[in-house]
Amino acid sequence: MNRDASNSRIPDNEPTGNRTLSLDFIRTIVADDVRTGKWGGRVQTRFPPEPNGYLHIGHAKSICLNFGIAREFGGKCNLRFDDTNPTAEDQEYVDSIQRDVRWLGWEWDQLLFASDYFQQMHDWAVELIKKGKAYVCDLPAEEISRYRGTLTTPGRESPSRNRAIDENLDLFDRMRRGEFPDGSKTLRAKIDMTHPNMNMRDPVMYRILHATHHNTGDKWCIYPMYDWAHGLEDSIEAVTHSICTLEFEDHRPLYDWYVDAINEGRGADSKWGEPIHHPQQIEFARLELTDTMMSKRKLLELVRGGDVKGWDDPRMPTLSGMRRRGYTPEAIRNFCEMIGVAKFNSTVDFAKLEFCVRDELNRIAPRVMAVLNPIKIVIDNYAAGQVEELDAVNNPEDSSAGTRKVPFSREIYIEQDDFRETPPPKFFRLSPGKEVRLRYAYFITCTRVVKDPKTGEITELHCTYDPATRGGDAPDGRKVKATLHWVSAEKAIACEVRLYDQLILSDKRRAEAIPNREREPRDESRVHLDAPSAPHDWRSNLNPRSLEIIQQAWVEPSIRVAPAGSTYQFERLGYFCVDSDSSVGRLVFNRTVSLKDTWAKVEKKDLTFHASH
RNA sequence: UGGGGUGUGGUGCAACUGGCAGCACGUCUGACUCUGGAUCAGAAGGUUCUAGGUUCGAGUCCUAGCACCCCAGCCA
């Protein structure tokens, strides 16, 4: 376990090192506390996931916040599993969460489990009972709910509320020992059934759950509720800043109440002992992304329902999905820094995440040529059987990446999109009679189009090449408007390529996809994909075309043995990484993100222009 | 109708204790280019939720509204 002061393997100057000019509101609080010596200058944070699902990009924001703050202020950050509900949790998630936090680039100070504190929490609960601040309630769930009242009407006190302390002690002990069935009794805090804050209306502290826990096994059959447990966990760990999301804002009074209740009567000569540490809870707005659904419950539904292949399906917004998709930890960390931290409930444009991914991959990804939708070209004046090995630059952004050889031959493939028999305006790729450059190879001119006599479909193109342009430059100085990527038809290797689109489509995107569809009158710029809805409602927004598989694409032979996870730029197409489904003779690529495509934009604009005129 | 929050270009965030509203993404131009990528240069885009008030001066302070989000699990 890493006990260093350092909380990550991330170099100090990146990505948060230059955040000096304006701190977000949380870092401002932390900085003030450090400056005034509130906790003796100590900073202790924690990332507290419940192991009931895989981590997603929203968690990344919280992870980078908590670990980042610890690192920036010379503090420490723990990974603590908030594992208080055995019915939802699983060891698989405990493992995946650790993997994903590390992958993101962080290292925790301590690895902790809330379940390790169950005995301490139990003892404190007994203390509250003895102080008359907690009682065993006989009401069943529906009755508790009814007694709670509503948002606008006060609740009523439980008939069990004024039980004698000794009876409460006895009952709670028998709850613990397993004398009562699930749901038959609860331990509740005695606060105020008329409190305007619903959380303060005698909240449940413990429920009976005869369930096996992934960490404690069958040792316990009572489990603490979040509100009771969370502040105590923070207190035990001496957390200084307990950072959580906005929905816990009105739980804060309860968070404070519990710690204060334990501390009541504590002091130097008290039989209860010294006061316990009281951390400060601070809330920030969780991440929302356009066209992305980040509800753990719904993601679980997708996994269980077979809509995706698993938690690490490259379409999933999970960290494991993004990793498989080819997103890098640096890109995600950068993104998290870029979006900032505030209390406003906002939705970040997915394009921003893609920007960060491209930004990073552009720097590090080796370039390679691949043809996804091939059309064959026969170069009539190039000798059959001849093969030339041409020099290609591996990464124009990084001269140290060197060069490689790419084989050229009489028959090659180019992209279907790179040829138009009747080119539209501004199309300056290949068309009959036009000359273009084959990257790193030769200038070619299209001389003939061969079509299937029955279907009229283009089957191949015939071209001539100019031997003087070898390498890609004309000695006479003539220019071409376009440079096309290509692969040798005989030397290229076949591979599978998987193209992804958003799993869930907002109404806005749906409307774009179906132009004639009547637009919704409401503002569609912020569609809450995570909003509560009828069980099947959100599923109707599933994108049927979220995955497109190209069974036979072609890549240059230089990456025949590329290992799973390695990332390349397919020139002019995008960034692709080798999927774990790959086998020795069969490469499978995931498209991580496409390159920015100005032509596609122009073409689309022209199309919509003509369609509407 | 209770309580807790939040409102700044299309989007996400800034703006020290009042002093010319900035940055990034996106969009659009242009330059350059053996990736229609990258890079570079530039532009458009704001009634700082609204209305009053204080002030020489208000995104910032005061008052009153409006809108949106969260809360009635023995989930977290």
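It should be emphasised that the depicted structure is a prediction, and the values quoted were computed from it without experimental measurement.

A. The arrangement of the layout of surface pockets in detail. Considering only enclosed or pocket space, the second largest pocket measures out at about 310 Å³ in volume. Around the second largest pocket, the lining is made up of 17 residues, and of these Ile-144, Arg-148, Pro-203, Val-204 and Met-225 lie nearest the centre. Broken down by secondary-structure element, the contributors of at least two residues to the lining of the second largest pocket are helix H5 (141–147), strand S6 (204–208), helix H7 (226–236) and helix H8 (252–263). Counting residues per element, the lining of the second largest pocket draws most heavily on S6, at 3 residues.

B. Spotlight on the sheet that holds strand S20 (residues 487–488). Reading across from one edge, S19-S16-S17-S18-S12-S15-S20 is the order of the 7 strands in this open sheet, with mixed pairing throughout. Since the sheet does not close on itself, it has two edges, and those belong to strand S19 (483–484) and S20, each with one partner. Sheet topology places strand S12 (residues 374–379) next to strand S15 (residues 411–415); 5 bridges connect them, and they run antiparallel. The residue of S15 that forms the bridge with Lys-376 is Tyr-413.

C. Quick look at the protein's contact with RNA strand B. Around RNA strand B, a shell composed of 69 residues is seen, among which Arg-367, Arg-429, Arg-437, Gly-471 and Gln-569 lie nearest. Close to the protein, within 4 Å, the atoms of RNA strand B belong to sugar or phosphate groups at a rate of 62%. Side-chain polar atom of Arg-148 to a phosphate oxygen of RNA strand B: 3.1 Å apart, as the coordinates give it. Within the backbone of Gly-183, one N or O atom sits 2.8 Å away from a base nitrogen of RNA strand B. Those elements that provide at least two residues to the surface near RNA strand B are H5, S6, helix H11 (329–339), helix H12 (350–364) and helix H14 (598–611). Per-class residue counts for the surface near RNA strand B are 26 nonpolar, 19 polar and 24 charged.

D. Layout of the sheet that holds strand S24 (residues 574–578). An order of S10-S23-S24-S25-S21-S22-S11 is seen for the 7 strands of this open sheet, with the pairing classed as mixed. Looking at which strands have only one partner, the edges of the open sheet turn out to be strand S10 (367–368) and strand S11 (370–371). Across 2 bridges, S10 lies against strand S23 (residues 567–570) in parallel orientation. Residue pairing for S23: Arg-367 is matched across the bridge by Gln-569. The sheet contacts of H12 involve S10, S23, S24 and strand S25 (587–594), and relative to S25 the element is tilted by about 120 degrees.

E. Inspection of the packing of aromatic side chains at higher detail. Under the criterion given, the structure shown has 21 aromatic pairs. Between Phe-81 and Phe-113 the ring centres are 5.2 Å apart and the planes differ by 20 degrees, which places this aromatic pair in the stacked class. With a gap of 32 residues between them, Phe-81 in strand S2 (residues 76–81) and Phe-113 in strand S3 (residues 111–113) connect regions that are remote in the sequence. Both residues of the pair, Phe-81 and Phe-113, count as buried. Among the aromatic residues, those joined into a cluster by ring pairs are Tyr-382, Phe-408, Tyr-442, Tyr-465 and Trp-486. Here the guanidinium or amino end of Arg-156 rests over the ring plane of Tyr-147, the centre of that ring lying 4.2 Å away. For the cation-ring pair, Arg-323 lies above Trp-103, with the distance from its terminal atom to the ring centre recorded as 5.3 Å.

F. Highlighting empty space enclosed by the protein. Going through the model one piece at a time under the given rule, you end up with 3 cavities of 30 Å³ or more. A volume near 160 Å³ is recorded for the largest cavity. Along the walls of the largest cavity sit 16 residues, with Thr-292, Arg-315, Met-316, Pro-317 and Gln-502 positioned nearest its centre. Here the residues of the lining of the largest cavity are counted per class, giving 10 nonpolar, 2 polar and 4 charged. If you add up the space inside the second largest cavity, you get close to 60 Å³. In terms of lining, the second largest cavity is formed by Lys-309, Asp-313, Pro-314, Arg-315, Arg-324, Arg-498, Tyr-500 and Leu-547.

G. Up close: helix H2 (residues 57–72). Compared with an ideal rise of 1.5 Å per residue, which puts 16 residues at 22 Å, H2 spans 22 Å between its outermost C-alpha atoms and is within 8% of the ideal. For H2, the buried fraction is high: 15 of the 16 residues fall into the buried class. Backbone geometry just after H2 places Gly-74 at a positive phi near 65 degrees.

Analysis parameters
Residues numbered from 1 in each chain as written. Chains lettered and ligands numbered in written order. Predicted model: local features only at pLDDT ≥ 70, side-chain atom pairs only at ≥ 80, totals over all residues. Heavy atoms only, no water. 1 Å grid on protein atoms, 1.4 Å probe; cavity = no way out; pocket = protein on both sides within 12 Å on 5 of 7 lines; lining within 4 Å. Points joined across faces, edges and corners; volume = space filled by probe spheres on them. Helix = DSSP H or I, 4+ residues; strand = E, 2+ residues; numbered from the N terminus. Pairing = 2+ DSSP bridges. Near = heavy atom within 4 Å. Polar contact = N/O pair within 3.5 Å; in protein donor to acceptor, adjacent residues only side chain to side chain. Nonpolar A, V, L, I, M, F, W, Y, C, P; charged D, E, K, R; others polar. Contact = heavy atoms within 4.5 Å. Axes fitted to C-alpha atoms, helices over the stretch in contact; angles between N-to-C directions. Phe/Tyr/Trp six-rings, centres within 6.5 Å; stacked < 30°, edge-to-face > 60°. Buried < 20%, exposed > 50% of the residue type's maximum accessible area, 1.4 Å probe, protein only. Lys NZ or Arg CZ within 6 Å of the ring centre and 35° of its normal. Expected span 1.5 Å × (residues − 1).

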